[in-house]
Every structure is written in C-alpha cells, then in structure tokens.
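# A structural walkthrough
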Amino acid sequence: GIQVEQSPPDLILQEGANSTLRCNFSDSVNNLQWFHQNPWGQLINLFYIPSGTKQNGRLSATTVATERYSLLYISSSQTTDSGVYFCAVRGSGGSNYKLTFGKGTLLTVNP
Amino acid sequence: NAGVMQNPRHLVRRRGQEARLRCSPMKGHSHVYWYRQLPEEGLKFMVYLQKENIIDESGMPKERFSAEFPKEGPSILRIQQVVRGDSAAYFCASSPKGTSGRNEQFFGPGTRLTVL
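Structure report, in brief. As the structure is a computational prediction, the values presented were derived from the model and not from experiment. (Residues numbered from 1 in each chain as written. Chains lettered and ligands numbered in written order. Predicted model: local features only at pLDDT ≥ 70, side-chain atom pairs only at ≥ 80, totals over all residues. Heavy atoms only, no water.)

### Regarding the overall build of chain A
The criterion, for reference: Each helix is a run of H or I in the DSSP string that is no shorter than four residues. Each strand is a run of E no shorter than two, and both are numbered from the N terminus. Only C-alpha atoms enter the radius of gyration; for comparison, a globular chain is expected to reach 2.2 Å times N to the power 0.38, where N is the number of residues. Exposed residues in this analysis have more than 50% of their type's maximum accessible area, buried residues have under 20%, and partly exposed residues fall in between, with area computed by a 1.4 Å probe over protein chains only.
Check the secondary structure of chain A and you find zero helices and 11 strands. Ordered by position in the sequence, the α and β elements of chain A form the string β-β-β-β-β-β-β-β-β-β-β. Taking 111 residues into account, the globule formula puts the C-alpha radius of gyration at 13 Å, and chain A, at 14 Å, falls close to it. Along the first, second and third principal axes, the C-alpha atoms of chain A reach 45 × 25 × 20 Å. For chain A, the proportion of its 111 residues judged to be buried stands at 49%.

Put into structure tokens, the structure is as follows:
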C-alpha cells in the first residue's frame, strides 16, 4: 500500500516562530488532508489539498502531487498550535477508500 | 451544522465484556469510516460503510470486531470479548462521497476505550 512519511517527528518552537512540516507519499493520490490533533485528542481538519496551495489565517499548505509531497506552513506560532499534525492520503488506484496516515509531527510551542 | 457525533466519549470495560461504539455522521453524509489509534501508533483504517452495506473491512481484525450502518440510526462498531490490547482511541469519520469527487473526511471526537 501507499506509504506516508512525515518530518520532522518532533518540533519545539518559541511563540511567534514560523515552521514548515513536510509530508512525503510513495504513490499518486486522489486526496490529501492535513489534521491537527489537539492535546484533548480531537482531530481537527486543517486542509483538503490534493494539489495546489491554500491558506487559512496563519496556516497554509502546498501539495506538489507530481513530486509526491505536501508542506504545511505555520506562521507566528501560538501555544494553542501545540499538538500532533497528521498528513493523510488516499491513493488513486482501484477501490481505495481509506486514508493512510503518517506518524505525525509533534509540535510544542512554548510561551 | 453539527459535526460527526460519537458516543460514548470514554468507555471502560473489563476483559471479556462487549464494547459498543456509536457514530452519527454529519448531516448529508452517507459514507462512514472507522479508524483506530493505538498508543504509540498512528491512525489505522478499519472499515468503510455505506447505509446497510460494508464496502471495505480490510482493516478489521478477523475475530471479535464487527461494524454496521443500518438504514436508520447510527453506525455501530462492536467489539466482543474485549482484551487489554483493544484499549485505544476509536475515531469515526464521514464524507459526502466515497471515491469520486471531493471526498474529504471529517472526524468525530473519538471514543477512548480502556480495557481493565
């Protein structure tokens, strides 16, 4: 099946810093989503971005499908940004309904 | 527009008991997915259902686990004779479409199962 790798696995920032999280995937995809799992365990949808660039406030994402990677940018980080960021993809082959998740990036933003 | 609803949020069972987890999809969504997050592991797909049909259960353990999405009411994930290794967070997701078009999946808050 499709493989998803995220980097870095851990990231510690001071409030106000910027960061870039990366997601590499091993095959062509029909769907790519970024999620934030907050400290209470809830999964929050950030972006649905199988290709192109999107922005939502301090967050933006870019997916280059032909090169099989996606980037999540967080600017002017806040302590509430802490948590685990997951990239998840759905492969384009056959009857592939499931999202395959990466292992996530654990982000800690210190005040 | 209410999001995906899951209940209970926390469930404690003793070994050998049954666990029943419920999921109500977002309004207008007819596709339901269950995922499991084990400690120290990522989220793993378990099963994909549409109303009254199991479409893909390739991620479900072969024994003790079953899922349904009846014509009326929520989707149910049932775990019989639970063991400690079943302790995990179980997430339900829903989407308006299955495989074609924009099939963004939206997740519920999860059910945290603890087996004593």
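Okay, back to it.
### Thoughts on the sheet that holds strand S3 (residues 19-24) of chain B
Residue and element names in this part refer to chain B. To keep it simple, the criterion reads: Here, a strand pair is defined by DSSP locating no fewer than two bridges between the strands. Helix axes use the C-alpha atoms of the stretch in contact, all axes being lines fitted to C-alpha atoms, and the angles between their N-to-C directions lie in the range 0 to 180 degrees.
The strand order across the open sheet formed by four strands is S1-S3-S8-S7, and the pairing between neighbours is antiparallel. The sheet is open, and its two edges are formed by strand S1 (5-7) and strand S7 (65-68), each paired on a single side. Pairs of neighbouring strands in the sheet enclose a mean axial angle of 15 degrees, with direction left out of account. Examined bridge by bridge, S7 and strand S8 (residues 75-79) share four bridges and lie antiparallel to one another. Its bridge partner lying in S8, Ser66 is registered against Arg78.

### Observations concerning the environment of Pro25(B)
Residue and element names in this part refer to chain B. Our working rule: The contact rule is simple, with two residues in contact once any of their heavy atoms fall within 4.5 Å.
Inspection of the secondary structure assignment puts Pro25 in the loop between S3 and strand S4 (31-37). Taking the C-alpha atoms as reference points, Pro25 and Thr111, separated by 86 residues in sequence, lie 14 Å from one another. Look past the residues within four positions of Pro25 in its chain and what remains in contact with it is Val32, Phe69 and Ser94.

### Considering the packing of aromatic side chains
The test is simple: Only centres within 6.5 Å qualify two rings of Phe, Tyr or Trp (six-membered ring in Trp) as a pair; their planes then separate them into stacked at under 30 degrees, edge-to-face at over 60, and tilted for everything else. Throughout this description, the term charge over a ring refers to an Arg CZ or Lys NZ atom that lies within 6 Å of the ring centre and within 35 degrees of the ring normal.
A full pass over the atoms with the stated rule returns eight aromatic pairs over all chains. When the ring of Phe35(A) is compared with that of Phe107(B), the centres are 5.1 Å apart and the planes differ by 80 degrees; the resulting orientation is edge-to-face. Of this pair, Phe35(A) sits in strand S4 (residues 29-37) while Phe107(B) sits in strand S10 (residues 106-107), placing the two residues on different chains. Over the aromatic face of Tyr69(A) sits the side chain of Arg22(A), whose NZ or CZ is 4.3 Å from the ring centroid.

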